[in-house]
Amino acid sequence: MSIPKNARIYVAGHRGLVGSAIARELRRQGYSNLITHARAELDLLDSQAVNRFYADSKPEFVIDAAAKVGGIHANNTQPASFLYENLTIQNNLIHGAHLAGVKKFLFLGSSCIYPKLAPQPLKEEYLLTGPLEPTNQWYAVAKISGIKMCEAYRRQYGCNFISAMPTNIYGPNDNFDLNTSHVLPALIRKFHDAKENNASSVVCWGTGNPLREFLYSEDLARACIFLLDNYDAEQFINVGSGAEISIRELAETIKEIVGFNGRIEWDTSKPDGTPRKFLDSSTMFNMGWRPEIDIKTGIQRAYASLLENYPNDK
Ligand code: GFB
């Protein structure tokens, strides 16, 4: 199914890291009829409000980038919020899309849906083959439910609802709050603050040994539009960069880009999380999508975004 440039496309979560990149990329590609609503205008936790919105705005296509997200600490310490808010938002959006006759719906999950010790790289078929990583199991369970919701609505009602599982995403508009952010923005901020304050060291969490795969938000945005245009199957699909990096190497890279000259210390009282989560993105690559932004360029751009917004974030 190819999307007409004047189609009514609703981007849920357009103020977030992923949703804002998707909205920018849609506009850049000439999609002229985007629908967005800030949280104050449309509370996605309120099913009646969501149904009213669908009835009034009549979106033809929906990209669900709305979620309660956070790094390892936020996930580990707010289990109820991560489970309740994510289940509720996605249930409202998916069920509402069915009631409103939305033509196509793209649900975005996360690589944390896979079992903690699954073989690597993570193939789509490894879903539900073993226990989850405990620190983010609540978020993972919600995301797995979202995948299953899309499958169920396809089977029972014939809806064209598809799902993509992105790896760890970073980019402009990220959350740089040290308690709730993911590792990449957290380290940009920590090294920047240390440089500004002439500190002698920066404390990073865990051992530094875990491996992660990072994808720049604008690459994910292009992948989402590509999937809306080219993919109509029930099987959810992995979206990764195909490049792995240890947290230690990531810290060294960010330290260099930011220009901090002190030491890195590791606080091993903080959790490492899953040892490795490297997606097998071969289905996506074989269809012709490829990431364009390498990690150093991406970190430079994310750092520029922190500098731009820093007075507000501080
Ligand atoms: O990005 P992150 O918070 O989450 O942490 P996950 C990745 C790794 O970086 C962990 C280490 O091993 C952390 O211990 N790390 C080192 C730090 N220093 C820091 C720091 O200052 N802040 C943070 N946040 N981490 C998330 C899930 O897992 O991945 C979410 O919690 C989501 O549910 C997301 O799925 C994609 O990569 O471990």
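Calculation notes
Along each chain, the written sequence defines residue order, and numbers are assigned to residues from 1. Under the rules for a predicted model, residues below a pLDDT of 70 receive no local features and side-chain atom pairs below 80 are neither given nor counted, while totals for whole chains, interfaces and linings still include all residues. In computing side-chain properties, one takes all heavy atoms of the structure into account and sets aside hydrogens as well as water. A carboxyl oxygen of Asp or Glu within 4 Å of a side-chain nitrogen of Lys or Arg is what we treat as a salt bridge. Here a strand is any run of E in DSSP of at least two residues, a helix any run of H or I of at least four, and the numbering for each starts at the N terminus. Only a single heavy atom is needed: when it lies within 4 Å of a molecule or strand, its residue is near that molecule or strand. Identification of polar contacts relies on pairs of N or O atoms within 3.5 Å, with a donor-acceptor requirement for protein atoms, meaning one able to donate a hydrogen and the other able to accept it, and with residues adjacent in sequence counted only if both atoms are side-chain atoms. Polar here means any residue other than Ala, Val, Leu, Ile, Met, Phe, Trp, Tyr, Cys and Pro, which are nonpolar, and Asp, Glu, Lys and Arg, which are charged; Gly is therefore polar. A pair of strands is treated as paired once DSSP finds two or more bridges between them. An axis is simply a line fitted to the C-alpha atoms; with a helix, the fit covers only the stretch in contact. Between two such axes, the angle follows the N-to-C directions and lies from 0 to 180 degrees. In what follows, residue pairs with any heavy atoms lying within 4.5 Å of each other are defined as contacts. By definition, any crossing whose near helix is turned counterclockwise from its far helix by less than a right angle is left-handed, and any crossing with a clockwise turn is right-handed. The scheme is simple: roughly parallel for angles under 35 degrees, roughly antiparallel for over 145, roughly perpendicular for 65 to 115, oblique for anything else. The rule for a disulfide is simple: a pair of cysteine sulfur atoms within 2.5 Å. Any residue under 20% of the maximum accessible area for its type is buried, any over 50% is exposed, and the rest in between are partly exposed; the area is computed with a 1.4 Å probe on protein chains only.

Chemist: How do you make sense of the pattern of salt bridges when you look at a structure like this?
Modeler: Proximity of charged atoms lets side chains of opposite charge pair with each other. Applying the stated criterion across every chain yields a total of 14 salt bridges. With its nearest N and O atoms 2.7 Å apart, the salt bridge here joins R276 to E244. Placement of the pair is R276 in the loop between β11 (263–267) and α9 (282–287) and E244 in strand β10 (residues 244–246), with a sequence separation of 32 residues. By sharing partners, the salt bridges in this structure join D219, R222 and E292 into a single network.

Chemist: Can you help me understand the site of the ligand in this one?
Modeler: In the neighbourhood of the ligand, 23 residues make up the surrounding shell, with I72, K190, R212, P271 and D272 lying closest. Within the side chain of N75, one N or O atom sits 3.0 Å away from an oxygen atom of the ligand. For the shell around the ligand, the elements supplying multiple residues, two or more each, are α3 (72–77), α6 (183–196) and β7 (201–205). Considering each element in turn, the shell around the ligand owes the most residues, 4 residues, to α6. By residue class, the composition of the shell around the ligand is 11 nonpolar, 8 polar and 4 charged.

Chemist: Sorry, what's going on with the sheet that holds strand β8 (residues 211–216) here?
Modeler: Within a sheet, adjacent strands bond to each other through the backbone by hydrogen bonds, running parallel or antiparallel. The mixed open sheet is built from 3 strands, whose spatial order is β6-β8-β10. Each having just a single partner strand, β6 (168–170) and β10 make up the two edges of the open sheet. The sheet shows a mean angle of 50 degrees between the axes of neighbouring strands, direction not considered. The pairing of β8 with β10 spans 3 bridges and is antiparallel. Across the sheet, residue E213 finds its bridge partner in β10, namely E244. Lying on the sheet, helix α7 (residues 217–230) is in contact with β6 and β8; it crosses β8 at an angle near 70 degrees.

Chemist: Please clarify how the packing of helix α1 (residues 17–28) against α7 should be interpreted in this entry.
Modeler: Helix-helix packing: each pair is described by the crossing angle between the helix axes and the interaxial distance. The interhelical angle for the contact between α1 and α7, taken along N-to-C directions, is 60 degrees, at an axis separation of 8 Å. Judged by the twist between their axes, the crossing of α1 over α7 is right-handed. Facing α1, whose interface residues are L17, V18, A21, I22, R24, E25 and L26, α7 presents S217, E218, L220, A221, R222, C224 and I225. Grouping the constituent residues of the contact of α1 with α7 by class yields 9 nonpolar, 1 polar and 4 charged.

Chemist: What's the story with the packing of α6 against helix α8 (residues 247–258) in this structure? I'm lost.
Modeler: Contact pair α6 / α8: the axes reach a minimum separation of 9 Å and the direction vectors enclose 45 degrees. As far as their axial angle goes, α8 and α6 are oblique. In this structure, α6 crosses over α8, and the sense of that crossing is right-handed. Residue-level inspection shows V183, L184, L187, I188, F191, H192 and K195 of α6 in contact with α8, the latter providing I247, L250, A251, I254, K255 and V258. In terms of residue class, the contact of α6 with α8 is made up of 10 nonpolar, 1 polar and 2 charged.

Chemist: In this structure, what is going on with unusual backbone geometry? I would like to understand it.
Modeler: Geometrically, the link from Q120 to P121 is a cis peptide bond, its omega value of -5 degrees lying close to zero. Examined against the element boundaries, P121 turns out to sit in the loop between β4 (104–108) and α5 (137–157). Its identity is not glycine, yet L128 carries a phi of approximately 60 degrees, on the positive side.

Chemist: Sorry if this is basic, but what is going on with the sheet that holds strand β2 (residues 34–35) here?
Modeler: Pairing is parallel in the open sheet, where 6 strands are placed in the order β2-β1-β3-β4-β5-β9. Here the strands that pair on one side only, and so sit at the sheet edges, are β2 and β9 (237–239). Sheet strands touched by α1: β1 (9–12), β2, β3 (61–64) and β4. Its angle to β1, the strand with the most contacts, is close to 155 degrees. Contacting β4 and β5 (161–166), α5 runs over the sheet at an angle of about 155 degrees to β5.

Chemist: What's the story with the state of the cysteines in this structure? I'm lost.
Modeler: In a disulfide, the sulfur atoms of two cysteines are held together by a covalent bond. Enumeration over the complete set of coordinates arrives at 0 disulfides. For the unlinked cysteine C224, the closest cysteine sulfur is that of C150, found at 13 Å. Taking relative accessible area as the criterion, C224 reaches 1% and is therefore assigned buried.

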